[in-house]
Amino acid sequence: AAPATTATPGNSSSGSKPGIAATSAVDFPGTAAAIDRDAPPASEVIGKRVLIQGLVRAPEFNGQWGRVEAYDAEMQRYLVSVTMGAEGNTPVLAKLRREKLVVP
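Residues numbered from 1 in each chain as written. Predicted model: local features only at pLDDT ≥ 70, side-chain atom pairs only at ≥ 80, totals over all residues. Heavy atoms only, no water.

Peer 1: In this structure, what is going on with unusual backbone geometry? I would like to understand it.
Peer 2: The phi angle of most residues is negative, glycine excepted, and most peptide bonds adopt the trans form. The phi angle at glutamine 76 is positive, at roughly 55 degrees, despite the residue not being glycine. Exposure remark for glutamine 76: the relative accessible area of 54% places this residue in the exposed category. (Buried < 20%, exposed > 50% of the residue type's maximum accessible area, 1.4 Å probe, protein only.)

Laid out in structure tokens, this is it:
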């Protein structure tokens, strides 16, 4: 079998469209690393205070502390109550993946 190729955004490689990754159906680098097998089950995190980190789409939440209110199994996200604003009086409910939460 021929080795898989990967096209990166903005680059075209042997007929691949820019921004489209061409890879074998079996090889998905980084997928296994995204699952934290040592993380406590959802029930052990609910009610705990957590630090939010690593968000790209909403970086304003990075470095903020929140409390895990619930787990949405369908979305596979934790519902985290975060107090935002200069005075810390604006509560926001964020839906976050486990790897974005640090439990002290």
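Peer 1: Is there a simple way to explain the sheet that holds strand 4 (residues 90-96) in this structure?
Peer 2: Note on sheets: strands pair through backbone hydrogen bonds, and any given pair is parallel or antiparallel. Strand order across the open sheet formed by five strands is 4-3-2-1-5, with antiparallel pairing between neighbours. Sheet topology places strand 4 and strand 5 (101-102) at the edges, where each strand pairs with a single neighbour. By the bridge criterion, three bridges tie strand 1 (residues 49-52) to strand 2 (residues 65-72) in an arrangement that is antiparallel. Within strand 2, the residue paired with valine 50 across the bridge is glycine 66. (Pairing = 2+ DSSP bridges. Helix = DSSP H or I, 4+ residues; strand = E, 2+ residues; numbered from the N terminus.)

Peer 1: I keep staring at the side chain of lysine 100 and nothing clicks. Help me out?
Peer 2: Structurally, lysine 100 is set in the loop between strand 4 and strand 5. Glutamate 99 provides the closest opposite charge to the buried, salt-bridge-free lysine 100, at an N-O distance of 5.6 Å. Discounting chain neighbours no more than four positions away, the residues touching lysine 100 are Leu51, Ile52, Gln53, Gly54 and Leu55. (Lys, Arg positive; Asp, Glu negative; His and termini not counted. Salt bridge = Lys/Arg side-chain N within 4 Å of Asp/Glu carboxyl O. Contact = heavy atoms within 4.5 Å.)

Peer 1: Help me understand the pattern of salt bridges in this model?
Peer 2: Here the idea is simple: oppositely charged side chains can pair when their charged atoms come close. If you walk through the whole model with that rule in mind, you get one salt bridge. The partner of arginine 97 in a salt bridge is glutamate 99, with the nearest N and O atoms 3.2 Å apart. For glutamate 99, a relative accessible area of 36% corresponds to the partly exposed category.

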